[in-house]
Structure formats: structure tokens, C-alpha cells
Amino acid sequence: MATAEERLGFDKLPDDVILIILKHLSLKDCFNLRQVNKRFEAICTDKSINRQICFRRQYWLTTDKFQRFINPISECLDKLDLNSCYWLKPSGLDVISRCKNVSSLHLMQVRVSIKALCNIMSNLPLLTRLSFSISDIRDLHPELSNSPGAQECLSRLISLGLHFRHQLVYSNRPVINFCSGPSVFEHCINLEEFHVYGFPSNARGIPKYIFQPQILKPENLKNVKVMTLNDAMDPAARMFFFGTLLAVCKLSVKFKTLLQPSGNVDHLWTMDGYASCLQNMEELIHFDPSRTTFQIPSEVLHFESARNLQYLNLSDNAAVTSETLHLLADTCTKLTSLNLQNCNYILLGPLKQPGETDPSDQRRVYNDISGLQALLLGCAELRNFNLSGIHIHSQDLSATSYSSLAALLAINNRWKSLAMSPCCLSIEKTSKTNKRPFSLLPESYLVKRRRIAGGNKNNNMSPNASSPSAGQDETSASSSSPTPLSPSSSSSTANDEPTFVPELEKLVRSCPQMENFELNCSGFRSAFNKYFGVNPTTCTSSPCMFSLTVGDQELMSIGRWKGLRTLQLTSIPGVNQGHCLLSIAKGCTSLEQLSIACLGQISHCLYRGGLIAAFPFFSKLKDFRLEHPYVKVDEILLSSMSKCTTLERICIIAKNGAMDTEAIKDLFEKVKVLINFQLYCGRSFNVGRGLQAYLLSKYKKKRPAINICIHPLLGPGLQEAVSSLHDQHIDDLTILKSTVSIRPEDTKGTS
């Protein structure tokens, strides 16, 4: 309790100083400070800190608190973001109509009817940016026809976002109705940006109908220069987006942003106007033609003119080669974010000249590293880079001075986000025996993995690399005795050999500003993934043999990234006791999101002890995802998890795992901010449904945003059960996918 003298000293602080302090506090803290006294109430409602309010992930916000928060600052607001505030009651949204100065309003995944939305639009005379969800787009046009105020609002809009929230059909023989009708575009005469958002995966069901927009006044779209579609398999959203895109292309516009994931770009080039819009890419800043098969450079994509490009997504393009990277290095020098996920031929060099002895001998170099090196040197502004799914081994770099991909990436010391495969950290240790460093794995594990890998003909290993056999004489360290090293320490070899520094540590030392890091095994596919959605039968794992040498010792280096906020570790077979997880928990003090999938052996969750020891040290962790077939969700694990009191969302996928119902109840009691809990394990349907009903009934009033799904992973009705979750949780947590460079940095906030 502060003394009277201390309180008097604090009262002497000027309002300007207190305002500076308030800018660093959360919305919840600012709301609570209003209750202290009248002076704090006046300061906390000052215009300077209330012009832009974003309530995303503010799960403490009840409908009543939302109204009390907005009422005193309604005249100050310029931007109000309520995206994903699905728990707010529709009756509490009337207060938005009193925010007369709002120019930007976002209501995606908010329960608001079309009629109520039109009423809100009619009462906001300065609104120019709007996004909202719609369950049946066929109801939109009739309501607009009866609301002149909403029509006038649409005529002012320069940015419009539509989130399709359809009722899904779960059937092996679904029937889809195709329909068309008038769209909002006949009222949008000043539109410059159009964004569409759909379900992250159509494996969760399909919509009852697909709507083709009728654009009666295409001239209204002549100013559109930004069009985006999220990475959705939703056919309704895709149809609406591409139908609009083709209408815009006929006007020969010059795009600044064009994000069209999942689109058949090869087919689009035959459409009238599409190719001509991208003949000159000089104004293009953000571009996503992912999953196309076009070669670059080519007569189709003219990257020679894309000199202002800052974001580029070429993921899943088998035609991207070393020559492509040379072109990007020479032309797109302003790139800040590049996605090359699953572009497995980036080391493929150009055709060699025919040999003098055999003119028909035309071959390519398969380890041409010059393109990647030129890209890293030429694009000095590059901060976000996705190379996951790509195999680049030490043999590929034998002709260079770089020992691994991590050492090559260390050319750039200002990385913020990186995604790569763990096999790219494996190297050939220089020693007298010149054997691969499998010392981090127990001998019994190696024998088992060799047998499995031996039957895999598609392990993408270099033909010159020799796989270790059971008869080789290799030095192995016991996994049961952790090495007492800090994350900055390195293991040492014999006295006559130089000190061995793990490749990941070289990258960590060079790039201290890392915020988002992923090690994703290219041979792993989660039970819940973006391509097949909620479908456990698609779970596969075939790690590259080179990834076997990457274990706890290498991953301990991650703990030196103090500013790391998100971390994803996927299918790294070399992890045993999980000592790296404790190092990460103690070192990465800013970590907010952690995803672990199938580390170590599949048949045994050996790292469970390390994970249990790590949880008490996570001070800011909000999202945790764990996937392993045999992990036990028992009292020990959940008790350790409950010591991380900042957890808001948890997703555990354990096909054969058991669960402790009482420990789960205790977890909710101790972790007061936990609002999303997903558990897919081996328990019966009735046990899961009973526990889910109990938790919802007990905590629904205290935590209105609560979302729970407890269901057997291989049980019937899984898709219907998961659909009860809101899109935000499914897209962010349930579906496992790489998050590095999937969207431009300045557009992530709109999705």
C-alpha cells in the first residue's frame, strides 16, 4: 500500500507523462485505470491514445465492458477493429453508431445482422474502410436497396473486405447450388481495395451454394488496385473473388497488390485482360502467384519490370530455379519478404553448353548455389524468408565457403522471420574418420530409423551421401544425461580437433533480432493441415536422413533469441529428452506462440519430461500447440501447463493419448485467461462430450469467448465438432502450417 506522501508525489506527475506511460499499457489495464479516480478517467479517455482501438484477442472484453469502453471515447475514435470478437452480443453493437468520426471499421467474425450493419453504415458519415462477415450474401442486396444511407456509405468506401461465413454441409454426396445476382459494386464508385476471406479449408464441409457476382457497372471498379484472397479452399469465397478479379482485369488496371492463393494462374492467363494487367509490373508492391507452374523469367510473368516489389510468394512452384533467384536479385532489390516454400529446384542451374565430344550432352548443375547467394547479397532489405520444404545439404555447398544453409543465411544479420528444414542444419564434421555427427542420438534409435529410412526411396538425399548403417562405429552420447551447457555454449571434440559450433548457433549469433522462427521437416504432414483440413488420415512423416543429426544440442541455441515471439518445431527426429525446450523457455522471454509436432521418436514421446520442466518458465506464452500420437495428457503434464498462467489457447493432438478429466478441470481453474481448449485424443466420444459440456456451462458467463472442442481424433463427426470452433482458432491454431511470409506485413492486420 502506497503511503500518502508517495501518492502525493505521483499526483504531481503531469498528464503528458502519464499519457506516455498509458501508451505502453494494454487495453485492459487502461480500462481498469479509469476506475481509479476522476483524473485517471479523464486521462485514459484522452484523444491522443484513443484514435485507433483494436480489440482482437481481447478475450476479457464482455459486451457490457465494450459499451463502457466505447461510450466515453466515441467522438475520438478514427479506427475501430472488432475482427474475431465473435462473443460480443449483437445488442451491444449499437454503440458503434455513435462513433461519428470513425473512418475505418472492421467487423469480421462479429455477430451482426445485415439490417444492423446497414443501420451502422448509415450513421457513420466519414466511413471509408469497412470489412464484415456475411452468412448469406444473397440477403445483402435487398437490404442495401432499402437503405439509402448504406448505399451512400458504400459510395464513399475506398476499401471493402468480405468474410464468407456460410453454413457448411457435411455429406459424402453434397449438392451445391450455383446462383448469381447483383453485388455491392454497383454502389461502390470510389473503391480502391477489395479483400475476400473464406474458410481456411474446405475439408471441414462445403457451402450450400456458390454465388457468382453480377457486376452491372464494371466502370465502378476502375480505381481498384488492391485485391487479396486469403489462403482459403472455400469455393464460395474463391468464386466471388475470381469473378470480381476478371471483371477488374478487363479495365486494364495496374495492380499495387494482388494476392490470389489457390487460384489457377495457368488458367487465368487465357482470360481476357488478366495477362495485360501484369505485362508491366512496375507499380506492383505485393504479389502472390503461388502454386503456379510458370517459369520465371518467362513471357508470362515480367519480373524484369517489378522494381518496386516488396512482398513475393512463389511457394509450391516447381519451375523456380537458380536463374529465377538471379533475376530477383538483379531486379527486385526492394524485397522485404519472400516465400519459396516447397520450391525444391532453387539450386537447379541453367543448361550447360553441349560438350565438345558429345554435342547431345546437355546437363544441368543440381547444386548451383549462386542464385541464392546473389539473392541474399542483392536484396539487402530482405527480412522475412520462407525456405521450408527445401533440402539444401552440406554437399550442395561443398564448392563454397559456407558449411550449411544456416551459415549462408547469416550473410543477412537483420532477419525477423525465417522458416527452413532441419536437414539444412546438418553438416559433415571435419575429423579423421570424416563421419557424420550422429552423437546426439541414442544408438538404439539410429538402428530403428535406418531401417525405416532404408525403405524410403524418395528421401531426396544426394547420391554421394552415404547413409549410416548399423555396423558403423559411431560415438554416441547418452540421451539421459544432459550436457550442462548454456544456449551460447558449444560442444567440443577431441583435443586435436577444432571446437565444433552448431550451424544454428552461427545463425543465432549473426541475427539477434529474430521474431519468428520455424524448423519444419519437409516430409511431415499434420493430421490437421491447410491442404486437407481436418483429416487425420493425411498425417504422414518421412524425415530426411540428414535431419537425424539435429537434436537438443543444436536447438538449445534458440534460447539466445530474447525477442523471439513465435516458434514452430515440426518433426525433428533428433530431439530426445527435450532439454532444448527448457533452454528456450528460460531464454526466449518474449515467446507468445509455440508449436511442437512429432519431435523425436514417433512411438515414444521422449521429450515430455523436458516440456514439463519448461512450462513454469514461459512468462508470456499465449498459444501452445502439441501434436504427437502417444503423448499422455495426464495430471503431471497439465499441472505443469497450469503454471503458465498466460495461456489463452491450447491445442493437443494425440491419436493414442489418454487424458485426465479432473486435471483438465483443474487447468481451467488455475489458468484464468484460458478461453480455447482443443483436445483430440483416444478417449471415447461420450467422455469428451461430457467434459466439454461441463466446462462450457461452468465458465461461459465468466469467459464469454470460451471455445472448447474435446473429441476422439479418429471418431466420427470430427468435422462437425471442429466447425463449432471459430475461424480464428482453426486458422491460427488447429491447422498446422508455416506462417512465415504467407502475407505481407502491412496486410496481416486486415485478415
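Structure shown above.
Keep in mind that this is a model prediction, so the values were computed, not measured. (Residues numbered from 1 in each chain as written. Predicted model: local features only at pLDDT ≥ 70, side-chain atom pairs only at ≥ 80, totals over all residues. Heavy atoms only, no water.)

S.K.: It is not clear to me how the overall build of the protein should be interpreted in this structure. Could you clarify?
M.R.: Regarding its fold elements, the protein presents 24 helices and 28 strands. Taken over 751 residues, the protein has a buried fraction of 55%. Counted over contacts in the protein with a minimum sequence separation of 6, partners at least 24 positions apart contribute 79%. (Helix = DSSP H or I, 4+ residues; strand = E, 2+ residues; numbered from the N terminus. Buried < 20%, exposed > 50% of the residue type's maximum accessible area, 1.4 Å probe, protein only. Contact = heavy atoms within 4.5 Å.)

S.K.: Explanation requested: the packing of aromatic side chains in the structure shown.
M.R.: Under the counting rule described, the total for this entry stands at 20 aromatic pairs. Here Phe185 and Phe194 contribute two aromatic rings whose centre-to-centre distance is 5.0 Å and whose plane-to-plane angle is 80°, an arrangement assigned as edge-to-face. Phe194 matches Phe185 in its accessibility class, with the two residues each being buried. Arranged with centres 5.8 Å apart and planes meeting at 20°, the rings of Phe385 and Trp415 form a pair that is stacked. Residue Phe385 is found in strand E16 (residues 384–386), and its partner Trp415 is found in the loop between helix H14 (405–409) and strand E17 (417–420); the two are separated by 30 residues along the sequence. Residue classification places Phe385 among the buried residues on the basis of a relative accessible area of 0%. Lying over the aromatic face of Phe69, Arg34 brings its terminal NZ or CZ to 4.4 Å of the ring centre. (Phe/Tyr/Trp six-rings, centres within 6.5 Å; stacked < 30°, edge-to-face > 60°. Lys NZ or Arg CZ within 6 Å of the ring centre and 35° of its normal.)

S.K.: Help me understand the nonpolar core, please; the structure alone is not making it clear to me.
M.R.: When a protein is soluble and globular, its nonpolar side chains tend to lie buried together. Judged by nonpolar contacts, the single largest core of 188 residues is most densely connected at Phe303, Phe385 and Phe517. Look past the residues within four positions of Phe517 in its chain and what remains in contact with it is Leu418, Met420, Leu504, Leu507, Ile558, Trp561, Leu564, Thr566, Leu567 and Gln568. If you look at the next biggest cluster of nonpolar residues, it comprises 15 residues, including Val534, Ile653, Leu713 and Ala721. (Core = buried A, V, L, I, M, F, W, Y, C linked by side-chain atoms within 4.5 Å.)

S.K.: When you look at a nonpolar patch on the surface in this model, what are you seeing that I'm missing?
M.R.: A cluster of nonpolar side chains, Val17, Ile21 and Leu25, forms an exposed patch at the surface whose accessible area comes to about 200 Å². Among the secondary structure elements, Leu25 is positioned in the loop between helix H2 (15–22) and helix H3 (27–33). When its relative accessible area of 33% is taken as the criterion, Leu25 is described as partly exposed. (Patch = residues over 30% accessible without salt bridge, like charges linked within 9 Å, V, L, I, M, F, W, Y side chains within 5 Å. Areas by Shrake-Rupley, 256 points an atom, 1.4 Å probe, with all protein chains shown as cover. Salt bridge = Lys/Arg side-chain N within 4 Å of Asp/Glu carboxyl O.)

S.K.: What am I meant to see in the pattern of salt bridges here?
M.R.: Scanning the entire structure with this criterion turns up 26 salt bridges. Look at the salt bridges and you will find they share partners, linking Arg57, Asp623, Glu648, Arg649 and Asp732 into a network.

S.K.: Sorry if this is basic, but what is going on with helix H22 (residues 685–699) here?
M.R.: Since one α-helical turn is 3.6 residues long, residues separated by three or four positions face the same way. Relative to the 21 Å expected for 15 residues at 1.5 Å per residue, H22 spans 21 Å between its end C-alpha atoms, a close match to the ideal helical length. Within H22, the full set of buried residues consists of Gly688, Leu691, Gln692, Leu695 and Tyr699. What you see down the axis of H22 is that its buried residues fit within an arc of 100°, all on one side. Those residues of H22 that are exposed and angled more than 90 degrees off the buried face are Asn686 and Ser697. For H22, the secondary structure elements touched by its buried residues are helix H21 (661–670) and strand E28 (707–712). (Expected span 1.5 Å × (residues − 1). Arc of directions from axis to C-beta.)

S.K.: When you look at the packing of helix H6 (residues 114–122) against helix H8 (residues 148–156) in this model, what are you seeing that I'm missing?
M.R.: Geometrically, a packed helix pair is captured by the angle between its two axes and the distance between the axes. The N-to-C vectors of H6 and H8 enclose an angle of 65°; their axes lie 7 Å apart at closest approach. The orientation of H6 relative to H8 falls into the category roughly perpendicular. The hand of the H6/H8 crossing is left-handed. For the pair formed by H6 and H8, the contact residues are Cys118, Met121 and Ser122 on the first element and Gly149, Ala150, Cys153 and Leu154 on the second. (Axes fitted to C-alpha atoms, helices over the stretch in contact; angles between N-to-C directions. Parallel < 35°, antiparallel > 145°, perpendicular 65-115°, else oblique. Left-handed = near helix turned anticlockwise from the far one by under 90°.)

S.K.: Mind showing me how you'd approach unusual backbone geometry here?
M.R.: For residues that are not glycine, phi is negative in most cases, and the peptide bond is trans in most cases. Residue Ser571 is not a glycine yet carries a positive backbone phi of 50°. Take Ser571: it is sitting in the loop between strand E23 (566–570) and helix H18 (579–587). Residue classification places Ser571 among the buried residues on the basis of a relative accessible area of 2%. Not every positive phi belongs to a glycine, and Ser741 is a case in point at roughly 60°. Judged by relative accessible area, which is 3%, Ser741 ranks as buried.

S.K.: Help me understand the environment of Gly587, please; the structure alone is not making it clear to me.
M.R.: Structurally, Gly587 can be placed in helix H18. A relative accessible area of 4% places Gly587 in the buried class. Separated by 23 residues in the primary sequence, Gly587 and Leu564 have C-alpha atoms spaced 9.3 Å apart. In this structure Gly587 touches Gly559, Trp561 and Lys562, once residues within four positions along its chain are discounted.

S.K.: For this particular structure, what's the right way to read the environment of Gly609?
M.R.: Examined against the element boundaries, Gly609 turns out to sit in helix H19 (residues 608–614). Note on Gly609: relative accessible area 47%, which makes it partly exposed. Through-space distance from the C-alpha of Gly609 to that of Asn576 is 9.8 Å; in sequence the pair is 33 residues apart.

S.K.: Help me understand the side chain of Ser547, please; the structure alone is not making it clear to me.
M.R.: Inspection of the secondary structure assignment puts Ser547 in the loop between strand E22 (540–541) and helix H17 (552–555). A relative accessible area of 1% places Ser547 in the buried class. Side-chain polar atoms of Ser547 contact the backbone oxygen of Cys544, separated by 2.6 Å. With residues up to four places along the chain from it excluded, the contact list for Ser547 reads Pro422, Cys423, Pro573 and Gly574. (Polar contact = N/O pair within 3.5 Å; in protein donor to acceptor, adjacent residues only side chain to side chain.)

S.K.: I would appreciate a short explanation of the side chain of Thr538 in the present structure.
M.R.: Secondary-structure assignment places Thr538 in the loop between strand E21 (533–534) and E22. Residue Thr538 is classed as buried on the basis of its relative accessible area, which comes to 11%. One polar contact links the side chain of Thr538 to the main-chain carbonyl oxygen of Asn535, over a distance of 2.7 Å. Residues in contact with Thr538, not counting those within four places in the same chain, are Arg525, Ser526, Ala527, Asn529 and Phe532.

S.K.: How should I be thinking about the pairing of strand E5 (residues 159–164) in this particular structure?
M.R.: Successive residues of a regular strand alternate their side chains across the two faces of the sheet. In terms of residue burial, E5 counts as a mostly covered element, since six of its six residues are buried. Side chains Ser159, Gly161 and His163 of E5 all project onto a buried face; the interleaved residues Leu160, Leu162 and Phe164 project onto the opposite face, where all are buried too. Of the pairings in the sheet, the one linking strand E4 (residues 129–134) to E5 comprises six bridges and is parallel in character. Its bridge partner lying in E5, Ile134 is registered against Phe164. The sheet contact formed by E5 and strand E8 (residues 193–197) spans five bridges and is parallel. (Pairing = 2+ DSSP bridges.)

S.K.: Looking at this model, I keep getting lost on the pairing of strand E11 (residues 226–229). Mind explaining?
M.R.: Side chains of E11 alternate between two faces, with Val226 and Thr228 and Met227 and Leu229 buried alike. As paired strands, E8 and E11 are joined by four bridges and run parallel to one another. Within the sheet, the bridge partner assigned to Phe194 lies in E11 and is Met227. Two strands pair when backbone bridges link them, and E11 and strand E12 (residues 257–259) are joined in this way by three bridges, in the parallel orientation.

S.K.: For this particular structure, what's the right way to read the packing of helix H12 (residues 322–331) against helix H13 (residues 370–378)?
M.R.: Look at H12 against H13: their axes get within 7 Å of each other, and the N-to-C directions meet at 15°. Accordingly, the angle class assigned to the pair H12 and H13 is roughly parallel. At the point where H12 passes H13, the crossing takes the left-handed sense. For the pair H12 and H13, contact is made by Ser322, Leu325, His326, Leu328 and Ala329 and by Ser370, Gly371, Leu372, Ala374, Leu375 and Gly378, respectively.

Everything listed is a geometric property; what it means functionally is a separate question.
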